[in-house]
Amino acid sequence: MEWLIPVLIIVSLVAIIGIYLWATYNSLVTLKVRVDEAWSDITVQLKRRADLIPNLIETVKGYAAHEKAVFENVTKARAETLSAQGPADAAAAENHMQTALKSIFAVAEAYPQLQASQNYLQLQAELVDTEDKVQASRRFYNGGVRELNTKIQVFPNNLIARNLGFTQRDFFEVSDSAAIAEPPRVQF
């Protein structure tokens, strides 16, 4: 009968450790899936914006065909956005896209007939809406990354998370925060 108490203590400790490992693993998987989902949302919005760019370029080209360098920069930025692999590449592409969009809107401001075009106004509205969605998706992604990274780093999770294959994720940060401080300016 004396051996029963130590056996119960050992079995209880093993059960507690097992439940802890099970709960920790499941919460890490949940956070990882949430971060993956958030990244997918970002890529969808970036693709949506990239799909609007050719229409915007063609509309502006009709009024300002001699602005070849601006159109080439926007096209390069679009290609860079579509080929970005991961948060760091996407952040660099985001910088270039914001700069290119600002330049195309600057060109458009010089052409009052263009600003009166319904097609142009509709494209501008869709682009502003998409920019808002990109920013919201980025905030959601970074929030998920923050939760996942915190869960991986806190003790005692840091002792087991890496062994279970969980690694920290990169935030979607833009190197030139002034470039994205606000969406491209749209004037009517």
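Above this text sits the structure in question.
The notes below deal with the structure included here. Owing to the predicted nature of the structure, the values given are computational and were not obtained by experimental measurement.

The next point concerns the environment of glutamine 45. Residue position: glutamine 45 is located in helix H1 (residues 4–61). For the pair formed by glutamine 45 and glutamine 135, sequence separation is 90 residues and the distance between their alpha carbons is 9.4 Å.

With that out of the way, let us pick up a nonpolar patch on the surface. A cluster of nonpolar residues, Met1, Trp3, Leu4, Val7, Leu8 and Val11, forms a patch on the protein surface that exposes about 650 Å² of accessible area. Among the secondary structure elements, valine 7 is positioned in helix H1.

In this structure, Ile53, Leu56, Val60, Leu101, Ile104, Tyr120 and Leu127 are the most contacted members of the largest nonpolar core, which totals 22 residues. For this core, the secondary structure elements donating two or more residues are H1, helix H2 (68–83), helix H3 (87–109) and helix H5 (118–153). Here this core takes 7 residues from H3, the largest share from any one element. Residues Leu28, Ala90, Tyr141 and Phe166 belong to the second largest nonpolar core, which totals 17 residues.

With their axes 8 Å apart at the nearest point, H1 and H5 run at an angle of 160° to one another. Considered as vectors, H1 and H5 are oriented roughly antiparallel to each other. Regarding H1 and H5, the two cross each other, and that crossing is left-handed. Its residues placed into classes, the contact of H1 with H5 shows 20 nonpolar, 8 polar and 12 charged.

Rules used in this analysis
- Residues numbered from 1 in each chain as written.
- Predicted model: local features only at pLDDT ≥ 70, side-chain atom pairs only at ≥ 80, totals over all residues.
- Heavy atoms only, no water.
- Helix = DSSP H or I, 4+ residues; strand = E, 2+ residues; numbered from the N terminus.
- Patch = residues over 30% accessible without salt bridge, like charges linked within 9 Å, V, L, I, M, F, W, Y side chains within 5 Å.
- Areas by Shrake-Rupley, 256 points an atom, 1.4 Å probe, with all protein chains shown as cover.
- Salt bridge = Lys/Arg side-chain N within 4 Å of Asp/Glu carboxyl O.
- Core = buried A, V, L, I, M, F, W, Y, C linked by side-chain atoms within 4.5 Å.
- Buried < 20%, exposed > 50% of the residue type's maximum accessible area, 1.4 Å probe, protein only.
- Axes fitted to C-alpha atoms, helices over the stretch in contact; angles between N-to-C directions.
- Parallel < 35°, antiparallel > 145°, perpendicular 65-115°, else oblique.
- Left-handed = near helix turned anticlockwise from the far one by under 90°.
- Nonpolar A, V, L, I, M, F, W, Y, C, P; charged D, E, K, R; others polar.

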